Structures are given as C-alpha cells and as structure tokens.
Amino acid sequence: MVTASAPGKAILFGEHAVVYGEPAVAVAIDARVYISVTPCEGIWKMDGYALESGRHPHVVSLRNAILGESSEPQAIQIRSELFPAAGLGSSAALSAAGCAALLSLSNQDLDEERIATLSHLAEANAQGGRASPIDTSTSTLGGCVLVSNQKESFANWRYSRTLETPEGERMWEVHSVDLPPSASDIWLVVGYTGIHASTADLVQKVADLLANSPNKMESISRMGDVARAGVAALSQGDYVEVGKLMDEAHDLLSSIGVSCSELDDMVTVARRTSFGAKLTGAGGGGCMLALTDKPEETAAALEMRGGRVIVTPLGASGVVMENSYEN
Ligand code: MEV
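Residues numbered from 1 in each chain as written. Predicted model: local features only at pLDDT ≥ 70, side-chain atom pairs only at ≥ 80, totals over all residues. Heavy atoms only, no water.

1. Here's the deal with the overall build of the chain
- For the chain, the count of helices and strands is 9 helices and 13 strands.
- Relative to the compact-globule value of 20 Å for 327 residues, the chain shows a C-alpha radius of gyration of 19 Å, a close match.
- C-alpha extents for the chain along the principal axes are approximately 55 × 45 × 35 Å.
- Put simply, the chain has 327 residues, and 56% of those count as buried.
- Partitioning the intrachain contacts of the chain with sequence separation of at least 6 by distance along the chain shows that 74% fall at a separation of at least 24.
- For the chain, the computed accessible surface area is about 12,900 Å², with 47% contributed by carbon and sulfur atoms.
- Where the 23 positive side-chain charges of the chain centre and where its 40 negative ones centre are 3 Å apart. (Helix = DSSP H or I, 4+ residues; strand = E, 2+ residues; numbered from the N terminus. Rg over C-alpha atoms; globule rule 2.2 N^0.38 Å. Buried < 20%, exposed > 50% of the residue type's maximum accessible area, 1.4 Å probe, protein only. Contact = heavy atoms within 4.5 Å. Areas by Shrake-Rupley, 256 points an atom, 1.4 Å probe, with all protein chains shown as cover. Lys, Arg positive; Asp, Glu negative; His and termini not counted. Charge placed at Lys NZ, Arg CZ, Asp CG, Glu CD.)

2. Here's the deal with the site of the ligand
- Within the structure, the ligand sits among 14 residues, and Lys-9, His-16, Gln-127, Ser-132 and Asp-135 are positioned closest to it.
- Residue Ser-132 places a side-chain N or O atom 2.6 Å away from an oxygen atom belonging to the ligand.
- In this structure, Asp-135 approaches the ligand through a side-chain N or O atom, which is 2.8 Å from an oxygen atom.
- Across the complex, the protein chains shield 98% of the 300 Å² of accessible surface that the ligand would expose by itself.
- Only strand S1 (2-13) and helix H4 (134-141) provide two or more residues apiece to the shell around the ligand. (Near = heavy atom within 4 Å. Polar contact = N/O pair within 3.5 Å; in protein donor to acceptor, adjacent residues only side chain to side chain.)

3. Some details on the nonpolar core
- Judged by nonpolar contacts, the single largest core of 105 residues is most densely connected at Leu-12, Phe-13, Leu-88, Ile-134, Leu-188, Met-288 and Leu-291.
- When residues of this core are assigned to domains, at least three fall in each of domain 1 (2-178) and domain 2 (181-313).
- Contacts of Leu-188, omitting those with residues within four sequence positions, involve Ala-10, Leu-12, Val-27, Leu-289, Ala-290, Leu-291, Ile-310, Val-311, Thr-312 and Leu-314. (Core = buried A, V, L, I, M, F, W, Y, C linked by side-chain atoms within 4.5 Å. Domains from an automatic or database assignment.)

4. Looking at the domain arrangement of the chain
- Each assigned domain of the chain is listed with its residue range as follows: domain 1 (2-178) and domain 2 (181-313).
- Here the C-alpha centre of domain 2 lies 22 Å away from the C-alpha centre of domain 1.
- Taken together, the 34 residues of domain 1 in the interface contact 46 residues of domain 2.
- Carbon and sulfur atoms supply 71% of the area buried between domain 1 and domain 2, which totals about 3,100 Å² over both sides.
- Contact with domain 2 buries area across many residues of domain 1, yet Phe-13, His-16 and Phe-83 alone supply 24% of it, more than any other trio.
- Counting across the interface, domain 1 meets domain 2 through 2 salt bridges.
- In this structure, Arg-228 engages Glu-152 in a salt bridge whose closest nitrogen and oxygen atoms are separated by 2.5 Å.
- In this structure, the connection of domain 1 to domain 2 is made through 11 residue pairs in polar contact (both at pLDDT 80 or more). (Buried area = accessible area lost by both parts, 1.4 Å probe. Salt bridge = Lys/Arg side-chain N within 4 Å of Asp/Glu carboxyl O.)

5. So, the environment of Gly-315
- With respect to the secondary-structure elements, Gly-315 resides in the loop between strand S12 (308-313) and strand S13 (320-322).
- Each C-alpha atom, one on Gly-315 and one on Pro-7, is 9.3 Å from the other, the two residues being 308 residues apart in sequence.
- Once residues within four sequence positions are removed from consideration, Gly-315 is found in contact with Val-27, Ala-28 and Gly-143.

6. Description of helix H2 (residues 90-105)
- Between the first and last C-alpha of H2 there are 22 Å, a value that for 16 residues agrees with the 22 Å anticipated at 1.5 Å per step.
- Just downstream of H2 lies Asn-107, where phi reads positive at about 55°. (Expected span 1.5 Å × (residues − 1).)

7. Focus: the pairing of strand S10 (residues 276-280)
- Among the 5 residues in S10, 5 count as buried, and that is most of the element.
- Two strands pair when backbone bridges link them, and S10 and strand S11 (residues 287-292) are joined in this way by 5 bridges, in the antiparallel orientation. Directly across from Lys-278, in S11, lies its bridge partner Leu-289. (Pairing = 2+ DSSP bridges.)

8. As for the environment of Ala-101
- Note on placement: Ala-101 falls in helix H2.
- Judged by relative accessible area, which is 0%, Ala-101 ranks as buried.
- Distance from Ala-101 to Val-320, taken between C-alpha atoms, is 9.2 Å for residues 219 residues apart in sequence.
- The contact partners of Ala-101, leaving out residues within four places of it in the chain, are Val-2, Ala-4, Ile-35, Val-37 and Met-321.

9. Some points on the pairing of strand S5 (residues 74-80)
- Of the pairings in the sheet, the one linking strand S2 (residues 24-39) to S5 comprises 7 bridges and is antiparallel in character. Within S5, the position partnered with Ile-35 by the bridge is Ile-78.
- Note that strand S3 (residues 45-46) and S5 share 2 bridges and pair parallel. By the bridge assignment, Met-46 is partnered in S5 with Ile-76.

10. Digging into the sheet that holds S11
- In spatial order, the strands read S10-S11-S9-S12; together these 4 strands make up an open sheet with antiparallel pairing. The sheet is open, and its two edges are formed by S10 and S12, each paired on a single side. Ignoring which end each strand starts from, the neighbouring axes of this sheet average 25° apart.
- In this structure, strand S9 (residues 187-192) lies alongside S12, joined through 6 bridges in antiparallel fashion. (Axes fitted to C-alpha atoms, helices over the stretch in contact; angles between N-to-C directions.)

The following block contains the structure:
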C-alpha cells in the first residue's frame, strides 16, 4: 500500500481572474486529503465502488496518464479533512496526492513540477478545459503560491504552466512567496456556508458573463491589480492593507456574480474582528475567509451564524508520502 497526502488551499486574491491570466495568490491550509492505493483483484475501485470517469474524473485522468488505462487494478481509499465542493481545493488536493501515490506505486520520480503539471491537466479535464494552476500548484508546493502572467522578481519562480483552453492558449508563471516572520501571529478563519458549489459551473458562468458583457473584463483586470498589491502588502507584513484589499476583492467577485447572500452575510460578520474578509475559491456558496489576529473571536462569530469553520495558519506543507494510513 502507498499513501500520500496534500493540503487544501485558500485563495487570498485573484480567483476567477486567474483563469484569464491575471495573478492570484493562495496559501496551503492545515486540512489535507489522504489517498491510499493498494493492489486488488478484478477492477479499479474507489472507496469500495467501481472507479468511474463520471464520478472521479481527476483520478481516472491521472491513472490513464501515469499507469495506463489497462494497468493492474488498484483499490483507492480517500480520507478528507476538507469540506467537499466548498472552494478549498479538495479536488486539487486529491489530484496532487493521487498523482504522488500513483507515481510512487510505479517507482517514478516524485518531481513537484511533474505532480503539479499532471494534476493541473486532470483538473482542466474535469473543469471543461478552463482551469488555472493555482489550486493544484498550491496543493503540490504548499506554503504561499503566486501564479502570474509574468515572472515576478519579488517571488521565487518555480515553473511555467501552459494550457489550451476554449479561449486559446494560456500561460502562467508559478512562484513560491516567502512570508515575513510576523505571519506566524496571523490566522485565516475559513467559514463554510454549507452550500455545495460546482467550480466548473461557476467558471462557465463567468465565461458566459464575459462573453455577453465584455465590459466586465474591467473587474477581472482590477482583480489582477488587487492581487499584485495584495501579495506586496503580504510580503511586507502589512496585514491592514492586505485586509482592505481582501474587502475590495470580495466586492469585485460580487460584481461578476459569484457571491451569494450567505457569503455576503458571513463576510460582514467576520470583518468586525478581522483585517478583512472575502469569499474564497469559486464562490456561489462554498467558503469565505477572514485574515485575523483574533482567530477565536472571528471563529466564534461565524459559528454563531451557523457556519462551520477551519482556523489555519498561512501555509502548510505541500504534497507528501505518508508512512501510515489511518481511516
Ligand atoms: C477555484 O478554486 C479557483 C478558480 O479561479 C478556478 C481556477 O482557477 O481554475 C475559480
């Protein structure tokens, strides 16, 4: 049996805009997906049931790319600490961990760029051809990740990613960002609305909006400016500025139709005890996050409103092989 794990992610700036080449910044969070793979008789299985491309498109893509469609059957088991379909990158974490497990099973090199590439292609395949590398790169590399349309001198460039999308070829430069020592006193409180939202549907909704109202491209481009300013403020430890920019990012995301009343409500509540708050990930439900130095107060306020929360530092380790698997 081989077991691997990878973290979920929280996007601080640039979700949706990153699909159109604008920068985005995310941190790995302290909640992971674990995947174990064991040889079995008969057919490939996922949590005891037949592995099907309709239900598990990421894993089937990775299996076909790494081992081949007619490879020896394996039984896959998953344990997740993430809320599913909630904007925390559970499918990207599953892809990164699954990729590492399948590479390890076939004695292939666990190269981070290869894991990030294969996971990104699996994600794009499941998302109608439109997916940025922000989720899969953050799950693979861990820490804080900046994806941009250019190499940024203030961050550590790791690799380039290209993808053929319905709108043409896109290219992203993926970087790791060093956070200042003061970041260890700052927390993210992630609040879950309890509403499942499909990333593929929301990405399609934004694509339709931009096709029908090209002037909305201004919001996308402003989100890019906010992300650049946000990562600069974060690197300098200016959390008041980061929070202000998060508030603006939320308004911009609302203006392209991906917020909802539950997210708006939780964001308003969280702002009272935080530097700033916004929805995170695809939106339409899912999760919001707040940047705060008073995590207990923010978490309690969100729980009072019926939200479930995860409190996490800014960053966690990326994909790793695990020695043991507990179910
Ligand atoms: C989803 O976590 C982030 C989106 O920007 C989609 C993507 O980047 O592929 C909405």
